[in-house]
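Residue strings, one per chain:
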Amino acid sequence: VLPPIIYTQQQHTQKDMLPRRFVISVGSYDGVVAGWDSRKNPKLALDDKPQKDSRLSPTRGLPPTPSSTPLPLSFAIANHEGSVRVVSSSKSSGLMFSCGSDCALRLYDLELSVEIGETRLPHDVGVCTCGAWAGDTHILVGTADGKLVLYEAQTLQVVHVMGGHTAPVSCIAVHPGSDGTPAGSMALTCSEKDHTIRLWDLTKGRCGFVTKVKKMAGSGASVVEFSPDGSTYTYQHNLTHITTKSTNTDQVLLDIDLGEQLFRVNDLCYVGASYICAGLNNGGVCVMRVAEDGSEEVRATMVIEGSQSGKETKGRIKRVEYLRGGSGYLVVGCCSNGVVSVWDFEGAVNSLMDEDEDDDEDDNDSEDEFGEDDEGYVLLQEVKLGTGSRIVSISGWSSDVTDVLEEEFDGDDEDAAEGSSSDVGTKERAREPAEKPPPSKKRRNAMDATNIMQDADAVKRARDLIKKSKDLAAKANKKKDKAKKAKKAKQ
């Protein structure tokens, strides 16, 4: 699906490793919520045992690394009737929610792999179109009627229903928190059809600011994202245009137009505070640098080359999301053909940082650090959902990353302190069972990885079980209706 990667001995260092524990969750067009958990496969842990030679292993002959073993499918549930519009993981609580076109919102515990609650959207707000966590305590859902619904995660009770958009809400970005701004207290939303971006005060449940997006290609903003420190925000508009602005001053820091329809931006995410990763319609991935004052020239690189013709050969990059931990430059992406990939873009970021140096120094640094054949990224993991199910949404969650890796490699105390403080919320938080409703036996069994086939047939098996249960319920209802009609006929 992606260009071949040349693995070298230099690339397998501590910085290039995946987080010790991470979960990648996806929602599909046919109502399936599935996920891959690195904890389910003990071979993903570091060890000193020699690795068996295999023709299928891209790291044949190299020391054991977490990327040497594919991720196992840990759960797959047909939990929604229709498309799963959003799956989103909380950064520090270990909770995830899914919401679909059936207006059902379901809450999961990723650490225990169980469903812990469910509710439905209010009847007068329309179906779900997008969603995000507001801090670790609230859930924010956007709907097709242009409204926002804020839930309290612990009780799944509605806190606010906010209206403002005159068209479906396309995307939600919640402020991560900074000096004077608590995490989850503000959010940006955009609508591709009403051409507006709105700033919301979630504590009071009202809109605080509205800005119009200039019409050029007849399409408004469809993606909006806050930087990890909340100092900037970026939005995609008019299909191929990307703009970054300062949160405080609204100054334009980056404004780039990829030009051709072939390079339509489907999704974007921040990689650190100053770099943006964009997934394109032709299967390519572009990384851009955001200048601090907007005065520098635009710096961007096409890390993964997509199709240069109108034919879709590699699959469209539908979603991209930053994965905390590891090298600090990890991105999870999914294609329209059901392939989920984990990339390390440290090489691309370093190449953008070195562009302002002398040509000689730049060439020497590149050869010493990345090697002659380095492409600016490393493909760490690649898995496929079933036989290629259509993925609509994706989410990545990692926990207890930095401290464990640094202890394994006997790193400096200063480095360990810097890693634990910069990667906010990576440590697993112990929660008392009383804080959330205990899962029923039925829900626990449904999420247990031992009850599903951990191969390409897992999703199909889950769908067949749901279909069978629906057929039985339909037969039972038909029998009841027949009995009622017979009873009325006798009367």
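Residues numbered from 1 in each chain as written. Predicted model: local features only at pLDDT ≥ 70, side-chain atom pairs only at ≥ 80, totals over all residues. Heavy atoms only, no water.

Visitor: I'd like to hear about the overall build of the chain, residue by residue, with values.
Guide: Within the chain one finds six helices and 28 strands. Out of the 491 residues belonging to the chain, those deemed buried represent 51%. For the chain, the accessible area works out to roughly 23700 Å², and carbon and sulfur atoms hold 48% of it. (Helix = DSSP H or I, 4+ residues; strand = E, 2+ residues; numbered from the N terminus. Buried < 20%, exposed > 50% of the residue type's maximum accessible area, 1.4 Å probe, protein only. Areas by Shrake-Rupley, 256 points an atom, 1.4 Å probe, with all protein chains shown as cover.)

Visitor: So what's going on with the nonpolar core? Residues and values would help.
Guide: Val224 and Met288 are the most contacted members of the largest nonpolar core, which totals 27 residues. Counting residues per element, the ones that place at least two in this core are strand 12 (171–174), strand 13 (186–191), strand 16 (221–226), strand 17 (232–237), strand 19 (252–257), strand 20 (265–270), strand 21 (275–280) and strand 22 (285–289). Considering each element in turn, this core owes the most residues, four residues, to strand 16. The residues touching valine 224, leaving out its near neighbours within four places in the chain, are Cys171, Ile172, Ala173, Leu188, Cys190, Tyr233, Thr234 and Tyr235. Grouped together as the second largest cluster of nonpolar side chains are 23 residues, Ala34, Leu71, Val342 and Ile394 included. (Core = buried A, V, L, I, M, F, W, Y, C linked by side-chain atoms within 4.5 Å. Contact = heavy atoms within 4.5 Å.)

Visitor: How would you explain the sheet that holds strand 4 (residues 84–89) if you had to name every residue and give the values?
Guide: Strand order in the open sheet formed by four strands is 4-5-6-7, and the pairing between neighbours is antiparallel. If you trace the sheet from one side to the other, it starts and ends with strand 4 and strand 7 (114–120), each paired once. Each strand of the sheet is rotated relative to its neighbour by a mean of 15°, with strand direction disregarded. Sheet topology note: the strand 5 (residues 95–100)/strand 6 (residues 104–109) ladder contains five bridges and is antiparallel. Note that in strand 6 the partner of phenylalanine 97 across the bridge is leucine 107. (Pairing = 2+ DSSP bridges. Axes fitted to C-alpha atoms, helices over the stretch in contact; angles between N-to-C directions.)

Visitor: Give a description of the packing of aromatic side chains that names residues and reports values.
Guide: Applying the stated criterion to the full structure yields five aromatic pairs. Ring plane angle 65° and centroid distance 5.8 Å describe the contact between phenylalanine 97 and tryptophan 133, whose orientation is recorded as edge-to-face. On the criterion of sequence distance, the pair formed by phenylalanine 97 in strand 5 and tryptophan 133 in strand 8 (residues 128–134) is long-range, its members being 36 residues apart. Note on accessibility: phenylalanine 97 and tryptophan 133 belong to one class, buried. Taken together, Phe226, Tyr233 and Tyr235 form an aromatic cluster joined through their ring pairs. Its end group placed over the ring of tyrosine 29, arginine 390 keeps NZ or CZ at 4.4 Å from the ring centre. (Phe/Tyr/Trp six-rings, centres within 6.5 Å; stacked < 30°, edge-to-face > 60°. Lys NZ or Arg CZ within 6 Å of the ring centre and 35° of its normal.)

Visitor: Go over helix 1 (residues 346–353), please, and point to the residues and values.
Guide: Counting buried positions along helix 1 gives six out of eight residues, so the element sits mostly inside the fold. Listed in full, the buried residues belonging to helix 1 are Glu346, Gly347, Ala348, Val349, Asn350 and Leu352.

Visitor: Quick rundown of unusual backbone geometry? Include the residues and the values.
Guide: The backbone of leucine 156 shows a phi angle near 60°, a positive value even though the residue is not glycine. Assignment of secondary structure puts leucine 156 in the loop between strand 10 (147–152) and strand 11 (157–163). Given the relative accessible area of 9%, leucine 156 is considered buried. Positive phi, close to 50°, is recorded for asparagine 238, a residue that is not glycine.

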